[in-house]
Amino acid sequence: MSPSGNFAKLLDLHIIQSKVEPVICVEGNIAAGKTNLMTKLKPKIEDLYGKNCVNLVPEPVKEWNDVGGEKLFDMMMQEPKRWSFAFQNYVQLSMFNAHCRSIATNTQESKLHLVERSIHSARYVFVENHKKLGNMQQVEYNVLDEFYRMITRELEYKLSKVDYFLFLEADIEVCLERLANRLRTQDATMTQEESRVTLDYLRSLGELYETHMLSREEFRDKVIRIDANLTTEEIIRNLGF
Ligand code: TTP
């Protein structure tokens, strides 16, 4: 695990010295500020390494509420026991598709990929959470796990090979407040269904981030923890930009 102040130096090492295209995933609880950070970090990095050098890959959230015309995200939030399996299946599928599309259509000279969340946190935070809450049967969990392993180990697509996880750590009270503000100002990237998100739900997701993303051998050394109670501008400064 690296301190956040080293991030700009790490990027420099990757981009200038080793000339590989790093994959950086921005992680964190619901409403931790991922979208804001990605949007504001992109121009800072491009100021240093050239116009269009960042390939920004947002989460395909809009697709989750239009599955052949069905609002699957809303359905899952209303009836998680009935729909969490179908929903998490679709999250994995749509992320895999969006990530592969983004690489295939990326004609610009990208030097790095800045990705919102990852197929790994969808699996180890959200799927685990549904299992823990009893929303998913063991056999459904097994199917999702096999699907995840097939995508990441056999297909091994580029954006699943993550170099760094920028992990935004905000207090759950702060996340809930930001979510409430977003719903009040109609600036919701998802729908009013997110008003069903509770402190307990955020706490549970936060615990799963700790036990999986921050502790598993395959991820833990790639994690850069960031105090996300701060403003986005302060975070960017702390990252060394
Ligand atoms: P978030 O990625 O948390 O989007 P956000 O806009 O809240 O984040 P930020 O403010 O930090 O930019 O996800 C959108 C919703 O999708 C959120 O309610 C969590 C839900 N979700 C799942 O239920 N399962 C999943 O596997 C994933 C990845 C998201």
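Being a predicted model, the structure only gives us computed values, none of them experimental.

(A) Broad picture of the sheet that holds strand 1 (residues 23–28). Taken together, the five strands give an open sheet; going across it, the order is 2-3-1-4-5, and neighbouring strands pair in parallel fashion. Where the open sheet ends on each side, the last strands, each with one partner, are strand 2 (54–57) and strand 5 (223–227). Strand-to-strand twist across the sheet, computed as the mean angle between neighbouring axes with direction ignored, equals 20°. Inspection of the sheet shows strand 4 (residues 164–169) paired to strand 5 by five bridges, in the parallel sense. Note that in strand 5 the partner of Phe165 across the bridge is Val223.

(B) Quick look at the packing of helix 5 (residues 80–104) against helix 6 (residues 119–132). Where helix 5 meets helix 6, the closest approach of the two axes is 10 Å, and the angle between their N-to-C directions is 175°. In terms of orientation, helix 5 lies roughly antiparallel with respect to helix 6. Contact with helix 5, carried on its side by Ser84, Gln88, Val91, Gln92, Met95 and Phe96, involves Ile119, Ala122, Arg123, Phe126, Val127 and His130 of helix 6 and no other residues of that element. By residue class, the composition of the contact of helix 5 with helix 6 is seven nonpolar, four polar and one charged.

(C) Structural view of the side chain of Glu27. The topology assignment puts Glu27 in strand 1. Despite its burial, Glu27 pairs with no opposite charge, the nearest such side chain being Arg117 at 4.3 Å. There is a polar contact of 2.7 Å between the side chain of Glu27 and the side chain of Ser121. For Glu27, the side chain forms a polar contact with the side chain of Tyr209, separated by 2.5 Å.

(D) Structural detail: the pairing of strand 3 (residues 112–116). The buried fraction of strand 3 amounts to five of the five residues, a majority that puts the element mostly inside the structure. Where burial is concerned, the two faces of strand 3 agree: the one with Leu112, Leu114 and Glu116 and the one with His113 and Val115 are both buried. As defined by bridge partners, strand 2 adjoins strand 3 across four bridges and the pair is classed as parallel. Bridged to Asn55 within strand 3 is His113.

Analysis parameters
- Residues numbered from 1 in each chain as written.
- Predicted model: local features only at pLDDT ≥ 70, side-chain atom pairs only at ≥ 80, totals over all residues.
- Heavy atoms only, no water.
- Pairing = 2+ DSSP bridges.
- Helix = DSSP H or I, 4+ residues; strand = E, 2+ residues; numbered from the N terminus.
- Axes fitted to C-alpha atoms, helices over the stretch in contact; angles between N-to-C directions.
- Parallel < 35°, antiparallel > 145°, perpendicular 65-115°, else oblique.
- Contact = heavy atoms within 4.5 Å.
- Nonpolar A, V, L, I, M, F, W, Y, C, P; charged D, E, K, R; others polar.
- Buried < 20%, exposed > 50% of the residue type's maximum accessible area, 1.4 Å probe, protein only.
- Lys, Arg positive; Asp, Glu negative; His and termini not counted.
- Salt bridge = Lys/Arg side-chain N within 4 Å of Asp/Glu carboxyl O.
- Polar contact = N/O pair within 3.5 Å; in protein donor to acceptor, adjacent residues only side chain to side chain.

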